[in-house]
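# Close look at the chain arrangement
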Amino acid sequence: MIAFALTVVMLVFTARLLQVQAVDASAFAGKAAVNRYITVPLAAERGTISSRDGASLANTVDAYDVTADPYLFTRKQTGVADAPERAAALLAPVLDEDEQELTRKLAKKDTRYVLLARQQSPRTWTRIKNLKREVAAKAAEAGRPAGSEKTAAGSEKSADGGADQAADVLAGVYREKHPKRVYPNRELASSVLGFVNSEGRGGAGVEALLNDKLSGEDGKITYAQSGGRQVPTAGVQEHPARPGANVQLTLDRDIQWAAQQAIREQVAASDADSGYVVVQDTRTGELLSMASAPDFDPNDISRADPKALGNAAAQDVYEPGSTSKVMSMAAVLEEGKATPLTEVTVPNRLKRADRAFADDVDHETWHLTLNGVLAKSSNIGTILATEQLGETQKQANRVLHRYMTRFGIGRPTGLGLPGATSGILEKPGKWSASQQYTIPFGQGLSLNAVQAASIYSTIANGGVRNVPSLVRGTTGPDGKFTAAPEPGKRRVVSEKTARTISRMLESVVSDMEGTGTNAKIPGYRVAGKTGTANRVDPDTGRYDGYTSSFAGFAPADKPRVTVYCAVQNPKKGSYFGSDVCGPVYKKVMKFALKSLQVPPTGAKADPLPVSAEKDRGKKDR
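Note that the structure is a prediction, hence the values are computed from the model and not measured.

Rules used throughout
Throughout, a residue's number is its position along its own chain's written sequence, starting from 1. Thresholds applied to this predicted model are a pLDDT of at least 70 for local features of residues and 80 or more for the giving and counting of side-chain atom pairs; totals over whole chains, interfaces and linings are not thresholded and use all residues. To get the side-chain values, take all heavy atoms of the structure and skip hydrogens and water. Where helices and strands are cited, they refer to DSSP runs of H or I of at least four residues and of E of at least two residues respectively, numbered from the N terminus. Every radius of gyration here is taken over C-alpha atoms, with the globule rule written as 2.2 Å times N^0.38, N being the number of residues. A contact between two residues is defined here by any heavy atoms of the two lying within 4.5 Å. Computed with the Shrake-Rupley method and a 1.4 Å probe, the accessible areas treat only the protein chains shown as cover for residues. Of the two site types, the cavity is a set of points on a 1 Å grid over the protein atoms alone where a 1.4 Å probe fits but cannot get out, and the pocket is an open set with protein on both sides within 12 Å along at least five of seven lines, each lined by residues with an atom within 4 Å of a point. Grid points are joined across faces, edges and corners, and a volume is the space filled by probe spheres set on the points. Residues are grouped as follows: Ala, Val, Leu, Ile, Met, Phe, Trp, Tyr, Cys and Pro are nonpolar; Asp, Glu, Lys and Arg are charged; all remaining types, including Gly, are polar. Strand pairing is assigned whenever DSSP detects at least two bridges linking the two strands. UniProt positions are given in the numbering used here, feature names are shortened, and annotations may be inferred rather than shown by experiment. Partly exposed residues are those whose accessible area sits between 20% and 50% of the maximum for their type, while under 20% is buried and over 50% is exposed, using a 1.4 Å probe and protein chains only. By the counting rule applied here, Lys and Arg register as positive and Asp and Glu as negative, while His and the ends of each chain are not counted. Salt bridge criterion: a side-chain nitrogen from Lys or Arg within 4 Å of a carboxyl oxygen from Asp or Glu. Identification of polar contacts relies on pairs of N or O atoms within 3.5 Å, with a donor-acceptor requirement for protein atoms, meaning one able to donate a hydrogen and the other able to accept it, and with residues adjacent in sequence counted only if both atoms are side-chain atoms.

Here we come to the overall build of the protein chain. Looking only at helices and strands, the protein chain has 21 helices and 24 strands in total. In summary, the protein chain has a C-alpha radius of gyration of 35 Å against a globular reference of 25 Å for 621 residues, an excess of more than 25%. Expressed along its principal axes, the backbone C-alpha trace of the protein chain runs to roughly 145 × 55 × 50 Å. For the protein chain, long-range pairs separated by at least 24 residues make up 72% of all intrachain contacts whose partners lie at least 6 apart in sequence. Accessible surface, the protein chain: about 29600 Å² in total, of which carbon and sulfur atoms supply 50%.

Quick look at the structure:
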């Protein structure tokens, strides 16, 4: 009987062993793996963004996400019921996180992974690591798995007695490498670069535009753990992360800095709402600067003004005023309706539609050349000139609209930046009775600063418009540089018309009767145009205040750089474009010419007459 009983027992053990090790082996292995193995993501390193000369504008530094496995904070694993509360109390001051929120995360059920804090510095993780060692050491000194810590009197209190037990409550805290985005130049080019949000994705600017290229592909790693630590002898399955591509912009870091300083100072001095400066290479269309004020520090967007987080130079639309007259003059010249010497009689008032139009200053009847109309920025003279574009006003409207769209008004800038606008230019059939007379001198249509700069670059480039570009190319993880696609180009006006407009713009700056004399640069021939427009308040939709602007290029006879400045709603001092933006234009243009080592051409200017009387006297002589 004893032998039979022993045989039965052995058979039962054998059957159970066969069931565990053979029949149900995979099931038990799976249950064991749940507790033994842990899978964590591997964040891809985000690519850098640099200026045209390779200087870093945005890069990444080592940082860690602090994570936890809630299963390892259960009573079954720690031996105490309040492990999440204890761990949260220890971690909250180190991570600067809310203690109750940490407790909630650590007490989660049905998950093996929670994120406690993002992108902590190596120093913070070192503090946590030291804290983990201290807690583990105290638990080990207690002398049992869950442990019990001594009171001040040296006696141990049990859990049943209501005292605190020493337990390794930080064993389930881990780190994951998650590089942090850093902008070493702080506010420099912040409106162009944008920022990276808390989820690691681009939230604005180039960071958002090229997020897929910059972010790369995340990987993951699965490893065995015991007591919250990786088992070094166990197998590891790793799918490595693929780093993002590096992006090189067309921006010149030094010119960007000069433009940003100049517009920031002018906005403050004028007590204005905002301002922008765009600098463009006239030959290629590449943007050398896109500066906006106010700006922000992308390293800490929590302190930034929400209105400053976009790229105002590409997003804000406004009526440009007289800087827009260049398009009207180009259309008149290209259509052969006048020459720079054509006489234009400009009365004090001009009745059209339901109103009487005036210039910015009261004057007796002027006898000007077409060049003089532009130099003195006469609204009335511009209306009279553009009326010649058609036999009827409707025909003239259609011709002018065609040229404006060729210059890029009412169309996308081509940059593709988030929030970028196309401006507003209604079809000529929808122009109101007053719009058909105000649009020629820059009221009744809207554009952004990039479009305004592109108009002058088109003239400077011999009448060919290059689509503005911001990205030079990308360098992939393999180190191969891929140039950005060539921007599109289109001829807008003939080279002859462009050269003529250039000479006329020189009169604006060089002639004492011109409105842009503040922009003179010693040694260089400068072409430019002032603008002072009634401003539409974006909050009320009504005219309130002014938009002051100045646009131009240099050297006028061999153009290399275009600079455009606009300031919104200056409330202190003068509001005229020549006074507000003329000095900004001069400061930025001088810096850009020196930075790019553009020498004066040495050629003498061939000025065009402003006054028709002077022109007649010149012809008589």
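On inspection of all chains with the given rule, the structure shows one cavity of 30 Å³ or more. Here the largest cavity is characterised by a volume of approximately 30 Å³. Lining of the largest cavity is provided by Gln280, Thr282, Ser454, Ser457, Thr458, Asn461, Val464, Arg465 and Asn466. Within the residue set of the lining of the largest cavity, elements represented by two or more residues are α17 (449-460) and β18 (464-466). Here the residues of the lining of the largest cavity are counted per class, giving one nonpolar, seven polar and one charged.

With that settled, the discussion passes to the sheet that holds strand β3 (residues 56-61). In space, the six strands of this open sheet follow the order β7-β3-β2-β11-β19-β20, with mixed pairing throughout. With one partner strand each, in any of the chains shown, β7 (180-182) and β20 (481-483) form the two edges of the open sheet. Sheet analysis places strand β19 (residues 471-475) next to β20, joined by three bridges and oriented antiparallel. Counterpart to threonine 474 in the pairing with β20 is threonine 482.

The positions UniProt marks with the feature "signal peptide" (unreviewed entry) are residues 1-22. Secondary structure over residues 1-22 splits into 95% helix and 0% strand, and the C-alpha atoms at its two ends are 31 Å apart.

A few words now on the side chain of glutamate 176. Mapped onto the elements, glutamate 176 comes out in strand β6 (residues 173-177). No salt bridge is formed by the buried glutamate 176; its nearest oppositely charged neighbour, arginine 118, is found at 8.0 Å. Here the side chain of glutamate 176 touches tyrosine 113 through a polar contact of 2.9 Å, side chain to side chain.

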